[in-house]
Amino acid sequence: MRLALEEAKKALEKGEVPVGAVVVKDGVVVGRGHNVRETKRDPLGHAELIAIREAARTLGGWRLGGTTLYVTLEPCPMCAGAIVQSRIDRLVFGAADPKAGSAGTLLNLVRDPRFNHRAEVRGGVLEAEAAALLKAFFARLRKKRADNL
């Protein structure tokens, strides 16, 4: 999770929502990413999707069985769907997302028995650190907007 926090800090430096992710297999990082939606003007520029895509390239296939995805914020529905579709075995996240969390907060897509794959989930890992990055980012954004009024 500390590596995912490092990725989140990279997003923060770019003015992106500070979310970072890493995919690990057998103790080795095989994919990493951070949010780039704003800088790349890409609605699919979520940290998880970037890390999953890199892991698939590294491992040579779309089936990512035997991997763990560490992400600083609970995945949204799109990213939760990607976790299921890529067959990631385990999801570990930091802060829960009360607005879009799809690994137990609003929905639980990654554990839904109607899908042919379910990931093990553990939330709240280094939650305070992940939440602090997000709170600082949004406080700065609100201040910037108020200053421009």
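- For the protein chain, the name recorded in an unreviewed UniProt entry is tRNA-specific adenosine deaminase, with Hydrogenibacillus schlegelii as its organism.
- One UniProt comment on the protein chain, placed under Subunit (unreviewed entry), says "Homodimer."
- Note on the protein chain: under the UniProt heading Catalytic activity (unreviewed entry), the record states "adenosine(34) in tRNA + H2O + H(+) = inosine(34) in tRNA + NH4(+)".

1. Remarks on the pattern of salt bridges
Moving on, step 1. Under the criterion given, the structure shown has six salt bridges.
Moving on, step 2. A salt bridge links lysine 10 to glutamate 7; the shortest N-O distance between them is 3.0 Å. Within this pair, lysine 10 and its partner glutamate 7 are both found in helix 1 (residues 2–13), separated by three residues, close to a single helical turn.
Moving on, step 3. Owing to a relative accessible area of 36%, lysine 10 belongs among the partly exposed residues under this scheme.
Moving on, step 4. Classification of glutamate 7 by relative accessible area gives buried; the value is 2%.
Moving on, step 5. Across the pair aspartate 147 and lysine 143 runs a salt bridge, and its minimum N-O distance is 3.0 Å. Taken together, the residues span about one helical turn, with aspartate 147 and lysine 143 both in helix 5 (residues 127–147) at a distance of four residues.

2. Focus: the side chain of threonine 68
Moving on, step 1. With respect to the helices and strands, the residue threonine 68 is situated in strand 3 (residues 67–73).
Moving on, step 2. The contacts of threonine 68, once residues within four sequence positions are left out, are Val22, Val23, Val24, Arg90 and Val92.

3. Quick word on the environment of glutamate 54
Moving on, step 1. Within the element layout of this structure, glutamate 54 appears in helix 3 (residues 47–59).
Moving on, step 2. What makes glutamate 54 partly exposed here is its relative accessible area of 28%.
Moving on, step 3. Along the backbone, glutamate 54 and glutamate 13 are 41 residues apart, and their C-alpha atoms lie at a distance of 21 Å.
Moving on, step 4. Once residues lying within four places of it in the same chain are set aside, the contact partners of glutamate 54 are Val30, Gly31 and Arg32.

4. Some points on the side chain of histidine 34
Moving on, step 1. Note on placement: histidine 34 falls in strand 2 (residues 28–34).
Moving on, step 2. At 2.8 Å, the side chain of histidine 34 and the side chain of lysine 14 are in polar contact.
Moving on, step 3. Histidine 34 has contacts with Glu7, Lys10, Ala11, Lys14, Val19, Gly20, Gly45, Ala47 and Ile50, leaving out every residue within four places of it along the chain.

Quick notes on the rules
- Residues numbered from 1 in each chain as written.
- Predicted model: local features only at pLDDT ≥ 70, side-chain atom pairs only at ≥ 80, totals over all residues.
- Heavy atoms only, no water.
- UniProt positions renumbered as here; feature names shortened; annotations may be inferred.
- Salt bridge = Lys/Arg side-chain N within 4 Å of Asp/Glu carboxyl O.
- Helix = DSSP H or I, 4+ residues; strand = E, 2+ residues; numbered from the N terminus.
- Buried < 20%, exposed > 50% of the residue type's maximum accessible area, 1.4 Å probe, protein only.
- Contact = heavy atoms within 4.5 Å.
- Polar contact = N/O pair within 3.5 Å; in protein donor to acceptor, adjacent residues only side chain to side chain.

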